[in-house]
Amino acid sequence: QTANNEIIIDGASNRLSYNGPLYGLIPTQESVQEMRVVTTPYSAEYGRSTGGVITVVTKSGTNAFHGELFEYNRNTALAANQFERNLAGQPRLPVHFNTPGGAVGGPVKRNKLFFFFETQRLHSTSPKSYAGQVPTDAERGGDFSSTFYSNKGQPGLQVIYDPWTVAYKAHAGQFTRSPFPGNMIPSSRINPVAKAFWQYIPEPNSAGDPITRGNNYTPASNGASRADLSEYSSRADWNLNEMNRLSFRYTRNNFNSQDVEFYPGPSDPNSNLVRANNNAVVDYTRTISPTSVINVR
């Protein structure tokens with residue numbers, strides 16, 4: 001359920017807020033050393049969750065240098081067509097999706113100080129073709145006498161009820177409403193704000209489904225959506241002595257995206273969405289005795 005799970009990276013919460021399912025960082029598989037899912041009952045260091053806790057530990061450097069380069073690619077040849085385009089008998093659109101990156105780690109001072117660094121960049125420019133449903137001229141005027149849903153392949157009338165006719169039937173213990181006569185809303189009952197709203201919603205430009213009129217609108221100016229994600233993650237681990245260890249990690253990502261307008265014009269402004277996240281952890285561990293350890297993050 002929404003906001004019921006917690007994600008912890010290197011011991012610090014990755015949640016952006018305590019009242020929503022927003023998380024700041026999705027670590028790459030190249031930077032993850034281990035992960036596990038913890039469920040109730042929790043031990044003392046976990047909480048803030050009525051669901052599960054996903055714990056992730058990022059990689060640190062070792063006494064040997066290790067690194068890798070990677071490139072994830074999705075292209076048109078390996079992409080399936082969209083359901084709506086298959087339904088309309090249209091070919092698949094081009095797909096361009098690339099994620100290059102790399103990681104390197106090793107010693108600064110053997111057995112004492114280590115580093116790890118990882119970066120990736122996601123870039124996607126993919127044409128999109130949307131299909132949806134917009135009201136007909138009759139429906140905009142309140143006439144729903146020809147508005148149907150599919151009832152096992154047969155048209156069923158979408159009954160429009162008058163909210164001013166609510167009545168309570170005591171013997172049945174329920175409320176009832178009466179349909180509008182002819183399934184038509186009188187023009188006097190349509191709010192002028194609603195009437196003005198329709199100028200921003202396009203008219204249908206295709207027949208759509210023969211019963212429901214679904215997919216009766218395709219934007220005339222379908223273009224390409226764009227997504228750019230840059231991520232940088234660095235970590236340092238310092239073994240001060242046999243009893244004390246200190247580590248630090250800092251990760252930043254920037255995500256810029258721009259989608260295709262569904263309703264062209266002021267009702268659907270094609271603006272950039274910019275998101276940036278910073279995630280930092282300082283971890284100090286001291287071994288007090290063979291049976292006691294203190295850890296502060």
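Heads up: these notes are all about the structure in this document. (Residues numbered from 1 in each chain as written. Predicted model: local features only at pLDDT ≥ 70, side-chain atom pairs only at ≥ 80, totals over all residues. Heavy atoms only, no water.)

## As for the overall build of the protein
Looking only at helices and strands, one finds 3 helices and 15 strands in the protein. Here the C-alpha atoms of the protein give a radius of gyration of 28 Å, more than 25% beyond the 19 Å that 2.2 N^0.38 yields for 297 residues. Judged by the C-alpha coordinates and their principal axes, the protein covers about 85 × 55 × 35 Å. Taking the contacts inside the protein whose residues are at least 6 apart along the sequence as the reference set, 60% of them involve residues at least 24 apart. In the structure as shown, the protein presents an accessible area of about 18500 Å², 57% of it carried by carbon and sulfur atoms. Both charge centroids of the protein, one from 27 positive and one from 23 negative side chains, sit 4 Å from each other. (Helix = DSSP H or I, 4+ residues; strand = E, 2+ residues; numbered from the N terminus. Rg over C-alpha atoms; globule rule 2.2 N^0.38 Å. Contact = heavy atoms within 4.5 Å. Areas by Shrake-Rupley, 256 points an atom, 1.4 Å probe, with all protein chains shown as cover. Lys, Arg positive; Asp, Glu negative; His and termini not counted. Charge placed at Lys NZ, Arg CZ, Asp CG, Glu CD.)

## Structural notes on the packing of aromatic side chains
Evaluated as defined, the whole model comprises 4 aromatic pairs. Measuring from centroid to centroid gives 6.4 Å for Phe65 and Phe115, while their planes differ by 55 degrees, and the two rings are tilted. Of this pair, Phe65 sits in the loop between β4 (53-58) and β5 (66-75) while Phe115 sits in strand β7 (residues 113-127); the two residues are 50 residues apart in sequence, bridging distant segments of the chain. For Phe115, a relative accessible area of 27% translates into the label partly exposed. Geometrically, the ring pair formed by Phe197 and Trp198 is edge-to-face, given 5.7 Å between the ring centres and 65 degrees between the ring planes. Assessed through its relative accessible area of 26%, Trp198 is described here as partly exposed. Positioned over the ring face of Phe97 is Arg74, at 4.7 Å from the centre of the ring. Geometry around Trp164 places Arg189 over its ring, the cationic atom sitting 3.8 Å from the centre. (Phe/Tyr/Trp six-rings, centres within 6.5 Å; stacked < 30°, edge-to-face > 60°. Buried < 20%, exposed > 50% of the residue type's maximum accessible area, 1.4 Å probe, protein only. Lys NZ or Arg CZ within 6 Å of the ring centre and 35° of its normal.)

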